[in-house]
Amino acid sequence: MSSAVCQHCGCSEIDKDATRGDAVCTNCGSVLEDQIIVSEVQFQENSIGGTNVIGQYVSAEGGKPHSMGGGFHHGYGKESRVITLQNGKRKIQHLGGQLKLNQHCIDTAFNFFKMAVARRLTRGRRTNHVIAACLYLVCRTEGTARILK
């Protein structure tokens, strides 16, 4: 947790995660900082004896940082969690666009989705149901009324 205060709700409980590279308000789900760059590299051993790198890689071209939390699995493609987050973001943007939600609401819904994935609340549940719940949470917390037909 950090001593920062959320500018949206005033909550002082901020989840700052160096692995994801972001800081999220635990009360309203707003992203306060994104793509935080860490100056050190840490290694973590996973449950099957593999090693993961914690931190973010910043390329020499100055492009978008890439997460290094994927471990040393060369040639196996992306991790399931990364694919789940990408699919979730795509579906949230699609459904949020159909509901004509602004980008702040879509980003907040994606943060709720990331928290659900991190806490393993998506296991055994359909992704569409979790996404609908995240968008519902955002509409309720932001006071945005939407009628579904």
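This text follows the structure it describes.
Residues numbered from 1 in each chain as written. Predicted model: local features only at pLDDT ≥ 70, side-chain atom pairs only at ≥ 80, totals over all residues. Heavy atoms only, no water.

Hey, could you go over the overall build of the protein chain for me, with residue numbers and the actual values?
The helix and strand tally for the protein chain stands at three helices and seven strands. Taken from the N to the C terminus, the helices and strands of the protein chain come in the order β-β-β-β-β-β-β-α-α-α. Once local pairs closer than 6 in sequence are excluded, the contacts in the protein chain between residues at least 24 apart make up 37%. Per element, the accessible surface of the protein chain, about 10,000 Å² overall, is 50% carbon and sulfur. (Helix = DSSP H or I, 4+ residues; strand = E, 2+ residues; numbered from the N terminus. Contact = heavy atoms within 4.5 Å. Areas by Shrake-Rupley, 256 points an atom, 1.4 Å probe, with all protein chains shown as cover.)

An account of unusual backbone geometry is needed here, citing residue identities and associated values.
Its identity as a non-glycine residue notwithstanding, lysine 100 has a phi of 60°, on the positive side. In this structure lysine 100 comes out as exposed when scored by relative accessible area, which is 67%. Even without a glycine there, the phi angle at arginine 120 is positive, about 60°. Take arginine 120: it is sitting in the loop between helix 2 (103–118) and helix 3 (127–142). Judged by its relative accessible area of 55%, arginine 120 is exposed. (Buried < 20%, exposed > 50% of the residue type's maximum accessible area, 1.4 Å probe, protein only.)

Kindly report on the packing of aromatic side chains, identifying the contributing residues and their values.
Counted by the stated rule, this structure contains zero aromatic pairs. Seen from the ring of phenylalanine 110, lysine 89 lies directly overhead, with NZ or CZ sitting 4.9 Å from the centre. (Phe/Tyr/Trp six-rings, centres within 6.5 Å; stacked < 30°, edge-to-face > 60°. Lys NZ or Arg CZ within 6 Å of the ring centre and 35° of its normal.)

Tell me about helix 3, and name the residues and values.
Counted at 1.5 Å a residue, the expected span for helix 3 with its 16 residues is 22 Å, and the 22 Å between its end C-alpha atoms agrees. All of the buried residues in helix 3 are Val130, Ile131, Cys134, Leu135, Val138 and Cys139. Those residues of helix 3 that are buried are in contact with helix 1 (80–98) and helix 2. In the segment just after helix 3, glycine 143 is the residue with positive phi, at about 70°. (Expected span 1.5 Å × (residues − 1).)

Tell me about the nonpolar core, and please be specific about residues and values.
Ile92, Leu101, Ala109, Phe113, Cys134 and Leu135 are the most contacted members of the largest nonpolar core, which totals 20 residues. Of all the secondary-structure elements, those providing two or more residues to this core are helix 1, helix 2 and helix 3. Per-element tally for this core: the top contributor is helix 2, with nine residues. With residues up to four places along the chain from it excluded, the contact list for alanine 109 reads Ile92, Cys134, Leu135 and Val138. Counting seven residues, the second-largest nonpolar core is a separate cluster that includes Cys6, Ile14, Cys25 and Leu32. (Core = buried A, V, L, I, M, F, W, Y, C linked by side-chain atoms within 4.5 Å.)

Tell me about the packing of helix 1 against helix 2, and please be specific about residues and values.
In contact at an axis separation of 10 Å, helix 1 and helix 2 are set at 150° when each is read in the N-to-C sense. Here helix 1 is positioned roughly antiparallel relative to helix 2, judged by the angle of their axes. Pair helix 1 / helix 2 crosses with right-handed handedness. Contacts from Arg81, Thr84, Leu85, Gly88, Lys89, Ile92, Gln93, Gly96 and Gly97 in helix 1 reach Ile106, Ala109, Phe110, Phe113, Lys114 and Val117 in helix 2. Across the contact of helix 1 with helix 2, the residue classes break down as seven nonpolar, five polar and three charged. (Axes fitted to C-alpha atoms, helices over the stretch in contact; angles between N-to-C directions. Parallel < 35°, antiparallel > 145°, perpendicular 65-115°, else oblique. Left-handed = near helix turned anticlockwise from the far one by under 90°. Nonpolar A, V, L, I, M, F, W, Y, C, P; charged D, E, K, R; others polar.)

Go over the packing of helix 2 against helix 3 with me, naming the residues and quoting the values.
The description of two helices packed together rests on the angle between their axes and the distance between the axes. Remark: helix 2 packs on helix 3, axes separated minimally by 9 Å, with the N-to-C direction vectors making an angle of 130°. It follows from the interaxial angle that helix 2 and helix 3 lie oblique. Crossing angle aside, the handedness with which helix 2 passes helix 3 is right-handed. Counting all contacts with helix 2, which are made through His104, Cys105, Thr108, Ala109, Phe112, Phe113 and Ala116, the residues of helix 3 involved are Thr127, Val130, Ile131, Cys134, Leu135, Leu137, Val138 and Glu142. Class assignment of the residues belonging to the contact of helix 2 with helix 3 gives a composition of 11 nonpolar, three polar and one charged.

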